[in-house]
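# Structural overview for review
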Amino acid sequence: MLYRRVVLTAVSAVACLSAAAVYAFTSGTDEAIAVPVPDARVAGYCHALYGDLPAKVDGLSRHDLKPESELTAGWGNPPIVLRCGVPRPEILKDPNASGVTVDGVGWVIEQESGGVFRLTTTLRKAYVEVTLPKKFASDLGPLTDLADAVKKTVPEGV
């Protein structure tokens, strides 16, 4: 179920610094994967999330991306990519941004080129980003498989 949401959050200096400090790497699928560089508090939430992520998402097996990092994970090929500790997305400034709540976790939705969707958690102490390949364009089912881990390890708040 899609909802239009206005999400207003304060931009912290840490988020701005984190946005500038991102390293790009390549996964086994030859796609550039950026590994976030969050502050220590956010990294703690991300490490907890990494340990609680499911072995399967939408029936696809989990695999680490290259380079291996506790801030990223993937499922399937082309992969569903999860990155934890990403900077606050610019789209959150848009009062008309589309959002969805899946099993108690709010996500803002961005459509990328080639039919890819990027969804980022809202109102959590760490931003978790999930990129869904084109084949999931009309299916947010993967978020259902990730919701419990996010709720358990990344507290609500800003």
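Throughout, a residue's number is its position along its own chain's written sequence, starting from 1. pLDDT decides what is reported in this predicted model: residues at 70 or higher carry local features, side-chain atom pairs at 80 or more are listed and counted, and totals for whole chains, interfaces and linings draw on all residues regardless. Think of the side-chain values as coming from all heavy atoms in the structure, minus any hydrogens and water.

What follows covers unusual backbone geometry. A cis geometry characterises the amide bond from Lys66 onward to Pro67, with omega recorded as -5°. Within the secondary structure, Pro67 is located in the loop between strand E5 (60–63) and strand E6 (72–75). Here the amide bond leading from Asn77 into Pro78 is cis, since omega sits at 0°, within 30 degrees of zero. Its identity is not glycine, yet Asp58 carries a phi of approximately 55°, on the positive side. Secondary structure elements follow DSSP: runs of H or I of four or more residues count as helices, runs of E of two or more count as strands, with numbering from the N terminus. Tracing the backbone shows Asp58 in the loop between strand E4 (56–57) and E5. Positive phi values are uncommon outside glycine, yet Leu123 reaches one of about 55°. Within the element layout of this structure, Leu123 appears in the loop between strand E10 (117–121) and strand E11 (128–132). Only protein chains enter the accessibility calculation, which uses a 1.4 Å probe; a residue whose area is less than 20% of its type maximum is buried, one above 50% is exposed, and one in between is partly exposed. With a relative accessible area of 36%, Leu123 lands in the partly exposed category.

Here the focus is the confidence of the model for the protein. Keep in mind that low pLDDT regions are not for reading the predicted coordinates in detail. In this model, the protein carries an average pLDDT of 83, and 80% of its residues clear a pLDDT of 70 or more. The spread of mean pLDDT over the elements of the protein runs between helix H1 (residues 13–20), the lowest at 31, and helix H2 (residues 40–52), the highest at 98. Note on residues 1–30: pLDDT under 50 across the span, and 63 contacts to partners over four residues away in sequence or across chains. Values of pLDDT, which run from 0 to 100, indicate the predictor's confidence residue by residue. By definition in these notes, contact holds between two residues if any of their heavy atoms fall within 4.5 Å.

This next bit is on the nonpolar core. Here the nonpolar core consists of buried residues drawn from Ala, Val, Leu, Ile, Met, Phe, Trp, Tyr and Cys, with membership extended through side-chain atoms lying within 4.5 Å. Leu53, Trp75 and Leu82 are the most contacted members of the largest nonpolar core, which has 33 residues in total. Going through the elements one at a time, H2, E6, strand E7 (80–84), strand E8 (98–102), strand E9 (105–111), E10, E11 and helix H3 (141–153) are the ones with two or more residues in this core. Contact partners of Leu82, with chain neighbours within four places excluded, come to Leu49, Leu53, Leu71, Thr72, Ala73, Trp75, Val128, Glu129, Val130 and Leu146. Ranked by size, the runner-up nonpolar core spans six residues in total, among them Val86, Ile91, Ala97 and Tyr127.

On to the packing of H2 against H3. In a packed pair of helices, the relevant descriptors are the angle between the two axes and the axis-to-axis distance. In this description, a line fitted to the C-alpha atoms serves as the axis of each element, helices being fitted only across the stretch in contact, and the angle between N-to-C directions of two axes falls anywhere from 0 to 180 degrees. Remark: H2 packs on H3, axes separated minimally by 9 Å, with the N-to-C direction vectors making an angle of 145°. For the pair H2 and H3, the crossing hand works out as right-handed. On H3, the residues touching Tyr45, Ala48, Leu49 and Asp52 of H2 are Ala149, Val150, Lys152 and Thr153. Polar here means any residue other than Ala, Val, Leu, Ile, Met, Phe, Trp, Tyr, Cys and Pro, which are nonpolar, and Asp, Glu, Lys and Arg, which are charged; Gly is therefore polar. Of the residues assigned to the contact of H2 with H3, the class counts are five nonpolar, one polar and two charged. A crossing counts as left-handed when the near helix is turned anticlockwise from the far one by less than a right angle, and as right-handed when that turn is clockwise.

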